[in-house]
Structures are given as structure tokens and as C-alpha cells.
Amino acid sequence: MKRFKYLILGMVLLSSACQKALDETPQGVISGEALNTPENIDKMVISAYSGLGNDDIHTSFSLWPWGSMRSGDAYKGGDSPGDNTDWHSYELFSANRPELGNTDKMWYFLYVGISRANDALRRINQIDESAYPLKKERQAEVRFIRGHFYFMLKILYKYMPYIDENLPEKDYATVSNRAMTNDELWNKIGDDFNFGVANLPVSQDQVGRVTKQAAMAYLAKVRLYQAYVQDEQHNVTSVSTAKLEEVISLVDQVSASGRYELNPDYANNFLTQFDNNKESVFAVQFSKDDGTPKGRLNMGVALNYPMNKEFGCCGFHLPSQNLVNSFKTDNAGLPQFITFNNNDAKEGDDFKNNTFDPRLDHTVAIPGHPYKYSLNFVYQKSWARAPQIYGYFSTLKETVAPDDPSFQKIPPFMSSSKNFDVLRYDDLILWKAEALIKLNRHNEALPLINSIRERAINSTSKLKLADGTFFSNYKMDVYKPGTNCNWTPEFAWQALVWERRLEFAMEGNRFFDLVRWGIASEYLNKYFKEESSKRTYLKEAQFKKNRDEYLPIPLAQLNYSRDVYKQNFGW
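As the structure is a prediction and not an experimental result, all values here were calculated from the model. Each chain has its residues counted from 1, running along the sequence as written. It should be noted that, the model being predicted, local features are given only for residues of pLDDT at least 70 and side-chain atom pairs only at 80 or more, the latter also being counted only at that level, while totals for whole chains, interfaces and linings use all residues. Neither water nor hydrogens contribute to the side-chain values; these are computed over all heavy atoms in the structure.

Of the residues in the chain, 94% reach a pLDDT of 70 or more, and the chain-wide mean stands at 93. Here residues 1-29 is modelled with pLDDT under 50, and outside its nearest four sequence neighbours on either side it reaches 54 contacts, counting other chains as well. Residue-level confidence of the predictor is what pLDDT reports, using numbers from 0 through 100. Only heavy atoms matter for contacts: two residues are in contact if any of them lie within 4.5 Å across the pair.

The structure is reproduced here in C-alpha cells:
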């Protein structure tokens, strides 16, 4: 089944300043010039792909520490606030500082990925198309990868130095992170995906390579974020109708290709056997039994397994009580927009006496409920590492069962070769719905949001116990204007915001949605006030508006730049 493997190609850069005797290329080492052949350039492209999965336990390109843990959807977890203290500081916001090591490490890892892409592009650009017929296609693939890394930098740090393959390395130190405006940076990122739209094929022989539709989808994502115009203090000052129209057009083109559709069961998005299914628009490919000692595993989620004997470590990325409560539904099967958090669903009969959206049990490991749909592998309270601090819930989507073929222990940690979806078709559907609502075309958004809800309603076949009863008491319906709701522009927007939370809970998206919409401060400070009565360590948490929308530029990078870089507003 798998697949196009992302291999690491080692490189040794030799200095031209060395003495002539040292200019000899050592045996077993390939020189830079020797790489400039079609065969070796193709390996450089694969090396750029490899960078997509080169995160580690403290960075996580899945963005869960940055987009879930800081959003009210998840707690840090671990054995205490002192376990991985940088993450504790991020979760509380009030303790965040420019000198935190993970802030600098994430910046560094993303630029390593960009460096690989730029190096491959320099070599591709120099070779003649007659010798390398795939030149334009490979350029487009690598530019897509570069665009992906710059997109992550953009939503994390807002302002960053933009370096492409045409800039000599000796000039890197002269590039300011303020050389371009906010909008200019979005356009530079968009240019890479635009190139992909023009030069990528609609399909690839090797699964895992990017396609024209993936480039269209990522460009739509860029334009959606760019549509929410921010000032220097990170306030959303306006919304660009032209950018929203572009989002709709791009999503429509992806849909018209006929290559993508929603999985019939929501669960399929989170099970290894359904990797690279028709809902997956672009995914990072991982591998096992590939000739390396432990395989090429998704180490960015390696800390997120429960503390039971089958796994062993480490209990991070835990669903919040607020998130669990948000899955509750009312008598009509719709979200409890106002009252969802009035009482807590914690355990046992709480999940029978209340009614829920089925996506709850695809997202949250609950004591007494089967783990990853395995009826003989039931999640226990004893699996929680620090329940007195973080409660008993655990994360589900990014993990696998211990008997899953993709599972691999790498003591004391563990992970799997399950794909990580960067772009899914359900995301595209809700981007279009969001754009339509913002354009006051909310009636056109209704069937899109309902298509996501309809799929969730029908995603219960894996949520049945041996006696035929369900894990929880599910009651869910679509929106029916005039029957169970009044589909006004205001209600439609509320429904969209809620739907994105439930559909992508624990997937690293939520914080960036809140910032894009300009509601992060209001939303998170309300969450901290309510949730701190249940999780006392949150009493010190506070989101500072006009500062915490973005991470600070790492202090180490400011120092290295010798004042070329400028700190973000508020820091």
C-alpha cells in the first residue's frame, strides 16, 4: 500500500576557502556539483518531501501544541505543569516568553524544511528541460513544499524573513522579517501554490506527490487567511470579498475534478487502512519496515498515547472538559450553543443521560469506552497519567491501537506510520461555507454545512458495543430552517464556527481559526474563567489581546540577526 517514501539524502558542503589539498572530495562523499544530474536532482526533490515529516516530539508539524493546546480544545497533559514547561507556558499564555526553547526550535525546523526546498530548486533551475523533462513539474512540487512550511511560519509568527532559492546564502543575514508587509508575505506564499496550479498534473503515479488539486486547495487556504485583513496590532479590520470569491472559485475547481469526496464514515480519516483515501487531498506519508531501524514514524505525536502497559507513555494532548461538553446536542439534535457548558459530561451515565454528536467518540477517549473502536481494548481511568490535574480523557485521532500494523514502539515512546492529512476535503467544504456566509450568501452555505453533519450522523457503525448499543447516546440532525432553526446570517455564522470546532477538534486547527476570525482574546479568556474552576492550574492563564495572537520572534533569532529582525507587536 505504501507508497512514495520520503528518504533523507545526506549532503556535505565543502568550503571553497579550504586549501587545495583539502579540495579533494573524500571517498564516500558526494560533491555539490555532482548532485546536479537528473537522477540526483530527483533525489533532492525526495529529500525536500522528507522534510515534511522531520518534526520531533517538541515541535510537531501536526501543530497540536500550537493549534489545539492553545485553543481551549486541549490541555497540555503529561505528569504535571512542570513536564515540558514550555508547553505549559504556551497553554497559559501569561507565562509565554520570547526565550522559550520550543519557540526557537519550531522556527529552526521550519526553515530547515525551506532550506531543503530551496536547495532542490536551485539545482532544478540550473538544468535544461531537454535533459530533465520533469523540470516544471518538480519545481512545482518543491515550491508546494516550501509554501507549506512558509504557511506554518506565517500563522505561528506572522512576520518572518522570506528567503527563496535565488538569494545567495551570503545575503541571508541581511533579510529582515519586516522586508515585506503582512499582505505581501501572503502573496509570496500564494505564488508557490499558484505555480503548482499551473504546472502540476491532476494525478501522480506515486502516491504522496502533490497534484494540481492539492495546490488549488492550499491556495484557497492561503486566500481564506489573507481575506481577514489585520492591522499591525493583529486586529481584524476588514474582510476582503475578492479573496473570499477566490476561495469559492478554487474550492469549486477542486470539487469539479471529481477526484475527492467525503468518506462515508468519519472514522476512516483516522485509521491507517484508509490512508490516501478520496477525502485526503494532501497527506504527509510515513513508513514502517522500510529498511531503517524503526521506520519513518510520525514523531510529532509520539507523546500522545495513554499510560497503559500496551503503550507506556506519555499522556499529552488531552481533550478539555469544555471540548467534551461542546459535543452535546439539544432535543432537536443540534449543538447547545449557549448551554453546552452548564453541566459536565465526565464519565459513565453522563454519556447516556445527555445526547451527543457522534464525532465525540471519534475524537475523545472516554473511560469505559472502546479505544480506537477495539471492543476488547477498553479505555480505563488508570490509563490517565495525572487525572487530578488534567482529568481522565485522552486523545484519539492521531493515535493507533497497539495491534495496528502501523504501530511501532521506540522506547520510551511510540508512534505509527499512519498518514497525517495536511488538507482534507471536509476542510475545503467548510472553507467555502465560511466564505459564502461572510459574503452574505448564507443560504448557499446551508447544504455544505449539512453535508458535513449528515456524514457525522451516519458515522456510528464503528461506535457499537457487542450488544448493539452505542458507546454514547447519539442524537444529531441537520439544520432545517423553519423547522429546527432560523437560518439567519448570524445563526449561520454561529453554526459554521461550531461545525469547524467539532469536525477538526484535536487536529491543530482551532487556535488559528480563532485568530483569523479576530475572536481569540474574547473566546479564550472566557474559556479560562470557566475552565479554571475545573482545572485549577488554569487560574493564572490569560490571553493578552494584541500580543498573543502570534508567537514572539524567538529571542535567539533576534540575537543572531543583530537587530535585522524586529519583534512582533506586544512583545
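The structure having been displayed, the exposition proceeds.
Attention now moves to the side chain of His234. Labels follow the DSSP assignment, with helices taken as runs of H or I lasting at least four residues and strands as runs of E lasting at least two, numbered in each case from the N terminus. Considering the arrangement of structural elements, one finds His234 in the loop between strand S2 (228-230) and strand S3 (236-239). Whenever two N or O atoms come within 3.5 Å, that pair is a polar contact, provided that in protein one can donate a hydrogen and the other can accept it, and provided that, for residues adjacent in sequence, both atoms are side-chain atoms. Among the polar contacts listed, one links the side chain of His234 to the side chain of Lys158, at a separation of 3.0 Å. Leaving out residues up to four positions away in the same chain, His234 has contacts with Lys158, Asn546, Arg547, Glu549, Tyr550 and Phe569.

Take the layout of surface pockets next. Only protein atoms enter the calculation, which uses a 1 Å grid: trapped sets of points that fit a 1.4 Å probe without letting it out are cavities, open sets showing protein on both sides within 12 Å along at least five of seven lines are pockets, and any residue with an atom within 4 Å of a point is a lining residue. Grid points are joined across faces, edges and corners, and a volume is the space filled by probe spheres set on the points. For the second largest pocket, the calculated volume is near 510 Å³. Around the second largest pocket, the lining is made up of 16 residues, and of these Val497, Trp498, Ile519, Tyr523 and Lys526 lie nearest the centre.

Another point: unusual backbone geometry. A cis amide bond, omega 10°, links Cys313 with the succeeding residue Cys314. Of note, Cys314 is situated in the loop between strand S4 (280-284) and strand S5 (316-319). For the bond running from Pro411 to Pro412, omega is 5°, close enough to zero to count as cis. Topologically, Pro412 is positioned in the loop between strand S12 (407-410) and strand S13 (413-416). One non-glycine residue, Asn84, lies in the positive phi region at around 60°. Mapping Asn84 onto the fold places it in the loop between strand S1 (74-77) and helix H3 (85-92). Even without being a glycine, Lys158 presents a positive backbone phi close to 70°. Mapped onto the elements, Lys158 comes out in the loop between helix H5 (135-157) and helix H6 (182-199).

Disulfides are defined as pairs of cysteine sulfur atoms found within 2.5 Å of each other. Under the definition given, this model contains 1 disulfide. Disulfide partner of Cys313: Cys314, at an S-S distance of 1.5 Å. Taking the sign of the S-S torsion, 75° for the link of Cys313 and Cys314, the bridge is right-handed. For each residue, the accessible area found with a 1.4 Å probe, counting protein chains only, is set against the maximum for its type, and the residue is called buried under 20%, exposed over 50%, and partly exposed in between. Of the residues examined, Cys313 reaches a relative accessible area of 10% and is grouped as buried.

Here we come to the pairing of S4. Among the 5 residues of S4, 5 are classified as buried, and the element is accordingly described as predominantly covered. In short, DSSP must find at least two bridges between two strands for them to pair. One ladder, built from 4 bridges, connects S4 with strand S14 (residues 420-424); its direction is antiparallel. For Phe282, the partnering residue across the bridge sits in S14 and is Leu423.

With that settled, the discussion passes to the pattern of salt bridges. Criterion for a salt bridge: a side-chain nitrogen of Lys or Arg within 4 Å of a carboxyl oxygen of Asp or Glu. On inspection of all chains with the given rule, the structure shows 43 salt bridges. Where Asp56 meets Lys105, a salt bridge forms, and the shortest distance between an N and an O atom there is 2.6 Å. Taken together, the residues span a long stretch of sequence, with Asp56 in the loop between helix H1 (38-50) and helix H2 (64-68) and Lys105 in helix H4 (residues 101-126) at a distance of 49 residues. Residue Lys309 is joined to Glu310 by a salt bridge in which the shortest nitrogen-to-oxygen separation is 3.0 Å.

What follows is about the packing of H5 against helix H7 (residues 212-227). With axes taken as lines fitted to C-alpha atoms, and helix axes fitted only over the stretch in contact, angles between N-to-C directions fall between 0 and 180 degrees. Two numbers describe how H5 lies on H7: the axes approach to 11 Å, and their chain directions differ by 20°. In this view, H5 runs roughly parallel relative to H7, as classed from their interaxial angle. Every pair of crossing elements has a handedness; the one defined by H5 and H7 is left-handed. Residues Phe144, His148, Phe151 and Ile155 of H5 lie in contact with H7, whose contacting residues are Ala214, Ala215, Tyr218, Lys221, Val222 and Tyr225. Here the residues of the contact of H5 with H7 sort into 8 nonpolar, 1 polar and 1 charged. Reported orientations rely on four angle classes, namely roughly parallel under 35 degrees, roughly antiparallel over 145, roughly perpendicular from 65 to 115, and oblique for the rest. We call a crossing left-handed when the near helix sits turned anticlockwise from the far one by less than a right angle, and right-handed when that turn is clockwise. Classes in brief: Ala, Val, Leu, Ile, Met, Phe, Trp, Tyr, Cys and Pro nonpolar; Asp, Glu, Lys and Arg charged; the others, Gly included, polar.

The subject of this paragraph is empty space enclosed by the protein. A complete count under the given rule lists 8 cavities of 30 Å³ or more for this structure. Each pocket or cavity is described by its volume, and for the largest cavity that value is around 300 Å³. For the largest cavity, the lining is made up of 25 residues, of which Lys397, Glu398, Lys418, Asn419 and Phe420 are closest to its centre. Only S13 and S14 provide two or more residues apiece to the lining of the largest cavity. In terms of residues, the lining of the largest cavity owes the most to one element, S14, which gives 3 residues. Looking at the lining of the largest cavity residue by residue, the class counts come to 7 nonpolar, 11 polar and 7 charged. Its volume calculated, the second largest cavity comes out at about 240 Å³. If you trace the second largest cavity, you find 21 residues lining it, with Lys221, Phe420, Val422, Glu507 and Asn509 closest to the centre. Of all the secondary structure elements, the ones that give two or more residues to the lining of the second largest cavity are H5, H7 and S14. Its residues assigned to classes, the lining of the second largest cavity comprises 12 nonpolar, 4 polar and 5 charged.

A word on the pairing of strand S10 (residues 374-378). As paired strands, strand S9 (residues 370-371) and S10 are joined by 2 bridges and run antiparallel to one another. Its bridge partner being in S10, Pro370 is matched across the sheet by Val378. Connecting the antiparallel pair S9 and S10 is a turn made up of 2 residues, with Lys372 showing a positive phi of about 55°.

Turning our eyes to something else, we now look at the packing of aromatic side chains. Put simply, two rings from Phe, Tyr or Trp (the six-membered ring, in Trp's case) pair if the centres are within 6.5 Å, and we call them stacked under 30 degrees between planes, edge-to-face over 60, tilted for the rest. In the structure shown here, the tally under the stated rule is 49 aromatic pairs. With a centroid separation of 6.4 Å and 90° between ring planes, the pair formed by Phe351 and Phe393 is classed as edge-to-face. You can see Phe351 sitting in helix H10 (residues 350-353) and its partner Phe393 sitting in the loop between helix H12 (387-390) and strand S11 (394-395), a full 42 residues away along the chain. There is no split in this pair, since Phe351 and Phe393 are both buried. Ring centres of Phe511 and Phe543 lie 6.4 Å apart, and the angle between their planes is 55°; on these two criteria the pair is classed as tilted. Highlighted residues: Phe511 in helix H16 (residues 510-517) and Phe543 in the loop between helix H17 (520-531) and helix H18 (555-561), separated in sequence by 32 residues. Within the aromatic cluster, the residues linked to one another by ring pairs are Phe144, Phe151, Trp186, Phe193, Tyr218, Tyr225 and Phe282. Over the aromatic face of Tyr159 sits the side chain of Lys154, whose NZ or CZ is 6.0 Å from the ring centroid. For a lysine, the NZ atom is tested; for an arginine, the CZ atom; a charge sits over a ring if that atom is within 6 Å of the ring centre and within 35 degrees of the ring normal.

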